[in-house]
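Structure assessment
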Number of protein chains: 2
Amino acid sequence: MGKQNLTLLTDFYELTMMQGYYNNKNNDTVVFDVFYRENPCGSGYAICAGLEQVIDYIKNLRFKEDDIEYLRSLKIFDEDFLTYLKTFRFSGDIYAIPEGTVVFPMEPLVKVIAPIMEAQLVETALLNIINHQSLIATKASRVVYAANGQPVMEFGLRRAQGPDAGTLGARAAVIGGCIGTSNVLSAKLYDLPTLGTHAHSWIMSFEDELEAFRKYAQLYPHSTTLLVDTYDTLRSGVPNAIKVFEELLQAGKMPERYGIRLDSGDLAYLSKKARKMLDAAGFPKATITASSDLDEYIIDSLKTQGCKIDSWGVGTKLITSRDCPSFGGVYKLAAIKKDGNFIPKIKLSENQTKITNPGNKKIYRVYEKDSNKIKADLITLVDEEYSSDNPLLLFDPNATWKKTYLEPNTYTLRELMVPIFLSGECVYTSPSVMDIREYCKKEQETLWDEARRLINPHIVYVDLSNKLYQMKTELLDHYVDNQII
Amino acid sequence: MGKQNLTLLTDFYELTMMQGYYNNKNNDTVVFDVFYRENPCGSGYAICAGLEQVIDYIKNLRFKEDDIEYLRSLKIFDEDFLTYLKTFRFSGDIYAIPEGTVVFPMEPLVKVIAPIMEAQLVETALLNIINHQSLIATKASRVVYAANGQPVMEFGLRRAQGPDAGTLGARAAVIGGCIGTSNVLSAKLYDLPTLGTHAHSWIMSFEDELEAFRKYAQLYPHSTTLLVDTYDTLRSGVPNAIKVFEELLQAGKMPERYGIRLDSGDLAYLSKKARKMLDAAGFPKATITASSDLDEYIIDSLKTQGCKIDSWGVGTKLITSRDCPSFGGVYKLAAIKKDGNFIPKIKLSENQTKITNPGNKKIYRVYEKDSNKIKADLITLVDEEYSSDNPLLLFDPNATWKKTYLEPNTYTLRELMVPIFLSGECVYTSPSVMDIREYCKKEQETLWDEARRLINPHIVYVDLSNKLYQMKTELLDHYVDNQII
């Protein structure tokens, strides 16, 4: 995103509503939650990501002179409102779950507590950033899970939905577990390993494939991966690669890392055949990299078929999250401060799962003590304190007869949200992306295997505290009793 | 994309190959084509878009000192290559089909003729930009087609894949036919109409819905669209909206444009009920806007069900092209200049449709003279000249017995590609986005209805000239005869 001022990266209605609040002299402090209702891609969890860019955005929120000029040209904003915008700064609090954390539906990933004009303005950009990166981080974690310990490289820039989607997408993919990216700009901006070798055009720029391979191996003597499918993989590409490896061996110039890349055709069949050819020629250490419209399902299927692939270059279907290209994060008003107290607010819907959780909330993650695996998440009001010294009764808010009782000291608790901004000041330092990646890996280890599987995963419960549940029920009753619904 | 320097927005292998060409002292002039193999979303055509951003990118291609520093830190690039990069400029020619043109598979949308080092570097960014915007423009044109003359508004920023995807996506959506966007930054950057009213949070910030509606109508007296589904659409939202319209009428303050927006629930049922309620209350001119996970299929289905919706706000499924979130544009070497002549190059594949078209090419669009509808596209070599004074024999390159014979003067011809850069100088001025939108609308009128329908559209033929077909066949034979395949 770099240097583009993103202050106008907002839906027009945020600004018309802001002016509305301004004219009504309503600048009450409010609580907005960013949360989502369903895990993407049929996953049993999501990985939250994008916080570093949210922080940049909030820090740089300023209406420049040309922004004001533009808004004036729309002839819908009053001069006193435009004057107010000139000195606009974010002055509120933001709490968030750190990037790379495993998260579940309905829990606030980000919580904004700010005067309503400020809280309203930032809605769209926050959703845009969090939705995008959480989507790609989640997708990447699934692809990496399918690769089962083998390296996955992010190769999708050319098919990403614009420059940011490629660059921020690569960032998120690495958070989700990719070992690096082909995207040089992203690698530079976020200090990621950059990866890649050569394309078909390299081969085609030479008279023949063998010469192209030879030259490439000369140029990059430490790490030589040869793309073998320009003409014919098994009849031309692999034999020519082997010839080059033999020449290097005879010359005493064997690269530290060497191998081939398959980019088309039946990867199960070709990798098995290529493996045999490489082994027979005395190159059991030659690696086989595959790329070609891969995703978690294809990788899983290739592995089931006994493919002989060592590493994976994943492009289009990861960088666009092809089977589910949006993350349904929403931004909902949860409370309004009146006379020092947060008055809970609720958004109704005929659809039970679309009814929001009211109030100023926090989240406890409940781990089974012995395994350190996630037992459930518990959303509570901020003034509730829980301790693992006490027994804990969890219940499903949608089916309250489903109860789980935890004995004292059989579980541990962790609060998920941390302060990011307090009174407009940033109080949080984002870790490096590679550190977030490490953290994310550990986070995924707190999931039961059943919650990680690609298809039909176990659902991790996100429960409400009794106090929050009662508050929600009372608010619903209030609306029903008053015949509003 | 703004001010971010995009020179490093490239796959790492473009740079390693560049260094390879540099070290091999190979800087032959080459021809690369950007083309795609299949229309997205099951469409019968695509809309090409993104050229203005390609031009910006090419104009600003410069390795800054910190880019060089970063590349040096990777310890894979030689100092003389890095020195070469410092003064790197694009010096070649680029031809392209203007934005907003209806295009078909296999035809070059962009053609780069440049020294191979330059042509190789720009691959990834060109594909990223053209793939993204062509995808969204195509998707938008389908949604607009389904709306059948009713306005479609782009509302997707919060679910777009990052800031650029929202902002450049809105640009592309307007090219494809949307009347405007909620994205203020995009509206500012590309001079687009900006649209939108208020959110549920506006309603929830007041004690009751009626008061929220009243205030909103006071604030925006010229155009008042009230969101009616915060609590209960038919029992609360619509009656309250009607009450406000009645009050405005009595006060002699009826807005020029007024109406309601439905954002959830069964839009067919709710719109019919709401229409009756509005009509019965004496407001037949109140418009009904709908939003809520719409796409071309849902709009089409709602219309079939006799919905009473007047305008459409389309978000997630348009801005991500949800059912097909990538456009498969590729960048393939077509020729290498040796001793002043272009030597054709071909990329083979076991899959017939993946075999590239060799040579330095251009495209004629063939229109039926009477109707001005597209008969076919004809890809030829650049030195071929066609005139509609002559008869024209078209044949399907994949089934050469399928022939169409056109009598002289029963058809017209138009060359699709125009020069964009010549010897590194930009010779093209991009029209405004709203002008491209108008052009695109006329372009779509050159399609037969059968090619525009949403499902199973008629395929428009893209044929090869006899000379190009012969060249391709000879190249294939050469490889087969030499047992390369």
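Not measured: the values here are computed from a predicted model.

Here we come to the overall build of chain A. Regarding its fold elements, chain A presents 17 helices and 21 strands. In terms of principal-axis extent, the alpha carbons of chain A reach across some 85 × 60 × 35 Å. The buried share among the 485 residues of chain A stands at 61%. Within chain A, residue pairs in contact and separated by at least 24 positions form 73% of the contacts whose partners lie at least 6 positions apart. Counting every atom, chain A has about 18,000 Å² of accessible surface; 48% of that belongs to carbon and sulfur. For chain A, the centre of its 55 positive side-chain charges and the centre of its 63 negative side-chain charges are spaced 4 Å apart.

Counting from both sides, the interface comprises 102 residues of chain A and, opposite them, 102 residues of chain B. Summed over both sides, the interface of chain A with chain B buries roughly 8,600 Å², with 57% coming from carbon and sulfur. Among the residues of chain A in contact with chain B, A:Arg158, A:Gln161 and A:Met204 are the three that bury the most area, contributing 10% of the side total. Counting every contact that joins chain A to chain B gives ten salt bridges.

Of the two same-sequence chains, chain A is brought onto chain B (RMSD 0.0 Å, axial shift 0.0 Å) by a rotation of 180 degrees. The operation mapping one copy onto its partner corresponds to a two-fold rotation axis. Here 100% of the contact residues of chain A are again contact residues in chain B; the copies associate through an equivalent surface.

As annotated in UniProt, the feature "domain: Nicotinate phosphoribosyltransferase C-terminal" (unreviewed entry) corresponds to residues 360-472 of chain A in the numbering used here. The span residues 360-472 of chain A carries 21% helix and 39% strand; its end-to-end C-alpha distance comes to 12 Å.

Of all hydrophobic cores here, the largest spans 293 residues; its most connected members are A:Trp312 and B:Trp312. In contact with B:Trp312, other than residues within four places in its own chain, are B:Ala147, B:Gln150, B:Pro151, B:Val152, B:Met153, B:Ala290, B:Leu294, B:Ile299, B:Leu302, B:Lys303 and B:Cys307.

Taken together, the side chains of A:Lys272, A:Lys273, A:Lys276 and A:Lys308 define a basic patch exposed on the protein surface. With respect to the helices, strands and loops of the structure, A:Lys308 is situated in the loop between α13 (296-304) and β11 (311-314).

Turning our attention to the pairing of strand β15 (residues 374-381) of chain B. Residue and element names in this part refer to chain B. Counting buried positions along β15 gives seven out of eight residues, so the element sits mostly inside the fold. Relative to β15, strand β14 (residues 361-368) runs antiparallel, the two sharing seven bridges. Opposite valine 366, over in β15, you have alanine 376 as the bridge partner. Hairpin remark: β14 followed by β15, antiparallel, with five residues in the connecting loop; positive phi at asparagine 372, about 60 degrees. The pairing of β15 with strand β21 (residues 462-464) spans three bridges and is parallel. The residue of β21 that forms the bridge with aspartate 377 is valine 462.

We now examine the state of the cysteines. All names here are of chain A. Across all of its chains, the model carries zero disulfides over all chains by this definition. The structure places no disulfide on cysteine 426, whose sulfur is separated from the nearest cysteine sulfur, that of cysteine 48, by 16 Å. Residue class for cysteine 426 comes out partly exposed when judged on its relative accessible area of 25%. We note that cysteine 440 lacks a disulfide partner, and the nearest cysteine sulfur, in cysteine 48, lies 8.6 Å from it.

Turning our attention to the domain arrangement of chain A. Domain annotation for chain A reports domain 1 (12-136 + 325-481) and domain 2 (197-292). Domain 1 of chain A and domain 2 of chain A are separated by 49 Å when their C-alpha centres are compared.

Here we take up the sheet that holds β15(B). All names here are of chain B. Across the sheet, which stays open at both edges, the four strands sit in the order β18-β14-β15-β21 with mixed pairing between neighbours. Two strands in the sheet have a free side with no partner beyond their single neighbour: β18 (411-415) and β21. Direction aside, the axes of adjacent strands within the sheet are offset by 30 degrees on average. Most of the contacts of helix α17 (residues 466-481) go to β15, to which it runs at about 55 degrees, and overall it touches β14, β15 and β21.

Below, the discussion takes up unusual backbone geometry. Residues and elements named next belong to chain A. In the Ramachandran plot, lysine 75 falls in the positive-phi region, its phi being about 55 degrees despite a non-glycine side chain. In this fold, lysine 75 is placed in the loop between α3 (65-73) and α4 (79-86). For lysine 75, a relative accessible area of 75% puts it in the exposed group. At asparagine 372, a residue that is not glycine, the phi angle is positive and equals roughly 60 degrees. Along the polypeptide, asparagine 372 turns up in the loop between β14 (361-368) and β15 (374-381). The exposure class of asparagine 372 is partly exposed, given its relative accessible area of 40%.

What follows covers helix α7 (residues 163-175) of chain A. Residues and elements named next belong to chain A. For α7, spanning 13 residues, the distance from its first C-alpha to its last is 18 Å, which sits close to the expected 18 Å at 1.5 Å a residue. Along α7, 13 of the 13 residues are buried, which leaves the element largely enclosed by surrounding structure. In the segment just after α7, glycine 177 is the residue with positive phi, at about 130 degrees.

Residue and element names in this part refer to chain A. In space, the six strands of this open sheet follow the order β7-β6-β11-β10-β9-β8, with parallel pairing throughout. Single-partner strands in this sheet number two, and they are β7 (180-181) and β8 (223-227). One ladder, built from four bridges, connects strand β9 (residues 257-262) with strand β10 (residues 287-291); its direction is parallel. Residue pairing across strands places arginine 261 opposite threonine 289, the latter belonging to β10.

Residues and elements named next belong to chain B. Along the chain, arginine 453 falls in the loop between α16 (449-452) and β21. The class of arginine 453 is partly exposed, set by a relative accessible area of 37%. Put simply, arginine 453 and glycine 42 are 411 residues apart on the chain and 9.8 Å apart in space, counted from C-alpha to C-alpha. Only 3.0 Å separates the side chain of arginine 453 from the backbone oxygen of asparagine 456, close enough to count as a polar contact.

This brings us to the UniProt feature "domain: Nicotinate/nicotinamide phosphoribosyltransferase" (unreviewed entry) in chain A. The UniProt feature table records "domain: Nicotinate/nicotinamide phosphoribosyltransferase" (unreviewed entry) at residues 152-340 of chain A. A distance of 51 Å separates the end C-alpha atoms of residues 152-340 of chain A, which is 43% helix and 18% strand.

Take the packing of α7(A) against helix α7 (residues 163-175) of chain B next. Viewed as axis vectors pointing N to C, α7(A) and α7(B) meet at an angle of 170 degrees, and their least axial separation amounts to 7 Å. Taken as axis vectors, α7(A) and α7(B) run roughly antiparallel relative to one another. Here the hand of the crossing between α7(A) and α7(B) comes out left-handed. Of the residues in α7(B), those in contact with A:Pro163, A:Asp164 and A:Leu168 of α7(A) are B:Pro163, B:Asp164 and B:Leu168. Partitioning the contact of α7(A) with α7(B) into residue classes produces four nonpolar, no polar and two charged.

Parameters at a glance
- Residues numbered from 1 in each chain as written.
- Chains lettered and ligands numbered in written order.
- Predicted model: local features only at pLDDT ≥ 70, side-chain atom pairs only at ≥ 80, totals over all residues.
- Heavy atoms only, no water.
- Helix = DSSP H or I, 4+ residues; strand = E, 2+ residues; numbered from the N terminus.
- Buried < 20%, exposed > 50% of the residue type's maximum accessible area, 1.4 Å probe, protein only.
- Contact = heavy atoms within 4.5 Å.
- Areas by Shrake-Rupley, 256 points an atom, 1.4 Å probe, with all protein chains shown as cover.
- Lys, Arg positive; Asp, Glu negative; His and termini not counted.
- Charge placed at Lys NZ, Arg CZ, Asp CG, Glu CD.
- Buried area = accessible area lost by both parts, 1.4 Å probe.
- Salt bridge = Lys/Arg side-chain N within 4 Å of Asp/Glu carboxyl O.
- Least-squares fit on C-alpha atoms with pLDDT ≥ 70 in both.
- UniProt positions renumbered as here; feature names shortened; annotations may be inferred.
- Core = buried A, V, L, I, M, F, W, Y, C linked by side-chain atoms within 4.5 Å.
- Patch = residues over 30% accessible without salt bridge, like charges linked within 9 Å, V, L, I, M, F, W, Y side chains within 5 Å.
- Pairing = 2+ DSSP bridges.
- Disulfide = S-S within 2.5 Å.
- Domains from an automatic or database assignment.
- Axes fitted to C-alpha atoms, helices over the stretch in contact; angles between N-to-C directions.
- Expected span 1.5 Å × (residues − 1).
- Polar contact = N/O pair within 3.5 Å; in protein donor to acceptor, adjacent residues only side chain to side chain.
- Parallel < 35°, antiparallel > 145°, perpendicular 65-115°, else oblique.
- Left-handed = near helix turned anticlockwise from the far one by under 90°.
- Nonpolar A, V, L, I, M, F, W, Y, C, P; charged D, E, K, R; others polar.

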